[in-house]
6 protein chains.
Amino acid sequence: MPTIFFLGPKLERDKRKELIQSFTETASRITGVDKRAFTVYLKESDPECVGVGGELLADRMKKQ
Amino acid sequence: MPTIFFLGPKLERDKRKELIQSFTETASRITGVDKRAFTVYLKESDPECVGVGGELLADRMKKQ
Amino acid sequence: MPTIFFLGPKLERDKRKELIQSFTETASRITGVDKRAFTVYLKESDPECVGVGGELLADRMKKQ
Amino acid sequence: MPTIFFLGPKLERDKRKELIQSFTETASRITGVDKRAFTVYLKESDPECVGVGGELLADRMKKQ
Amino acid sequence: MPTIFFLGPKLERDKRKELIQSFTETASRITGVDKRAFTVYLKESDPECVGVGGELLADRMKKQ
Amino acid sequence: MPTIFFLGPKLERDKRKELIQSFTETASRITGVDKRAFTVYLKESDPECVGVGGELLADRMKKQ
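In this text, all values refer to a predicted model and were calculated from it rather than measured experimentally.

### With respect to the environment of isoleucine 30 of chain F
Assignment of secondary structure puts isoleucine 30 of chain F in helix H1 (residues 13–31). Given a relative accessible area of 3%, isoleucine 30 of chain F falls into the buried group. C-alpha separation for the pair isoleucine 30 of chain F and glycine 8 of chain F, spaced 22 residues apart in sequence, amounts to 23 Å. Discounting residues that sit within four places of it in the chain, isoleucine 30 of chain F has contacts with Leu11, Lys15, Glu18 and Leu19 of chain A.

### So, the side chain of threonine 31 of chain A
All names here are of chain A. Position of threonine 31 relative to the elements: it lies in helix H1 (residues 13–31). From its side chain, threonine 31 meets the backbone oxygen of alanine 27 in a polar contact 2.6 Å long. Reaching out from threonine 31, the side chain makes a polar contact with the backbone nitrogen of valine 33 at a distance of 3.2 Å.

### Looking at the relation of the copies chain D and chain F
Screw-axis analysis of chain D against chain F gives a translation of 0.0 Å along the axis, an RMSD of 0.0 Å, and a rotation angle of 180°. Classification of the inter-copy transformation places it as that of a two-fold axis. Taken as a fraction of all interface residues of chain D, those also at the interface in chain F reach 100%, which identifies the copy contact as same-surface.

### Quick notes on the environment of arginine 36 of chain F
Residue and element names in this part refer to chain F. Its location among the elements puts arginine 36 in the loop between H1 and strand E2 (39–44). Residue classification places arginine 36 among the exposed positions, given a relative accessible area of 65%. Expressed as a C-alpha distance, the spacing of arginine 36 and proline 47, which sit eleven residues apart in the sequence, is 33 Å.

### A few points about the pattern of salt bridges
Applying the stated rule across the entire model yields 60 salt bridges over all chains. A single network of salt bridges, built from pairs that share partners, joins Arg13, Arg16 and Lys17 of chain A together with Glu48, Asp59 and Lys62 of chain B.

### Section: the interface of chain A and chain F
By convention, interface size is frequently given as the accessible area that disappears when the constituent parts associate. Contacts between chain A and chain F engage 25 residues on the former and 25 residues on the latter. Summed over both partners, the interface of chain A with chain F buries about 2,100 Å², with 75% contributed by carbon and sulfur atoms. In this assembly, chain A and chain F are joined by two salt bridges. Two residues, glutamate 18 of chain A and arginine 29 of chain F, come together in a salt bridge whose shortest N-O distance is 2.8 Å. Connecting chain A to chain F are nine residue pairs in polar contact (both at pLDDT 80 or more). Secondary structure elements with two or more residues in the side of chain A that touches chain F: strand E1 (3–8), H1 and strand E3 (50–52) of chain A.

What counts, and at which threshold
Residues numbered from 1 in each chain as written. Chains lettered and ligands numbered in written order. Predicted model: local features only at pLDDT ≥ 70, side-chain atom pairs only at ≥ 80, totals over all residues. Heavy atoms only, no water. Helix = DSSP H or I, 4+ residues; strand = E, 2+ residues; numbered from the N terminus. Buried < 20%, exposed > 50% of the residue type's maximum accessible area, 1.4 Å probe, protein only. Contact = heavy atoms within 4.5 Å. Polar contact = N/O pair within 3.5 Å; in protein donor to acceptor, adjacent residues only side chain to side chain. Least-squares fit on C-alpha atoms with pLDDT ≥ 70 in both. Salt bridge = Lys/Arg side-chain N within 4 Å of Asp/Glu carboxyl O. Buried area = accessible area lost by both parts, 1.4 Å probe.

Okay, structure coming up:
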């Protein structure tokens, strides 16, 4: 029943699969909880709806 | 001010209404808090963005 | 794998059990997902760390 | 590394920027943590997926 | 019914009150939603349970 | 600014450090985001406040 949330950029299918598999295996190994008990939620963050350092992430990314 | 989050499958309008009504009434009765104080957020989880047991839920559903 | 969060007052053991059982059965019936797949997290909110209407909940409760 | 989540109505770009800037500056001043360390997530809540007082927010808004 | 979560350092009572009041007034003004509808949750993060840049926050703070 | 939440059992310091380091490095590699931008929150779940399959986790663990 452990639950993991990942809030980050939009990812392609292969990367979503890899992230879920890797997080689950790592957390199962470290906690000793069977990996079948894990749920992972990937939440894509739109840079238009995230602020970093007081600034819209979308604006910040344009500057870099 | 109690707050309930439900992360689960996409639901039709009637089911969303029933879930909100039922959760609120149950929680109000058990806690003794007036039901007007409750907020419920229904968050639809896309099976392409959820992992169960280390596997993408979308893939797991195809197998069943 | 649906997940429910309840943020509300501290509850005794019997009430926690009743809330978990009731939420799970209701949500399982409405969504059609097997109840074994549900996880419920009860998060007690300390009135010293919650604000309602711009005011500390602890202060608001004293007035009532 | 402090993190702020705002769950509320859909907002236009200028309002999103103002909310992020204001939350970050206020929280930085009160906590003493450098504002560069703050992340803010704005989560738009669809009134079709929110319940208030046991009722769908979309229905409640129609009545008002 | 908008809901705000603040995950950050432990704060004294006066600062918690100020943060709740300020967040609520700012968000009410920007969204046009009555401030009575807002709930704010302050969640203290223990530096022993937070990671920044892959490192335990507690360790990082010792270095500074 | 990606953010990871882990809700699971209480862990000793070495395991918390390992989990934070491993999650951050994996997610940084897969997303291409610099690891300095990641925050990880470890949230210990008390088995007295978690339900699995409609049952209190604490009760379920006693049976096993």
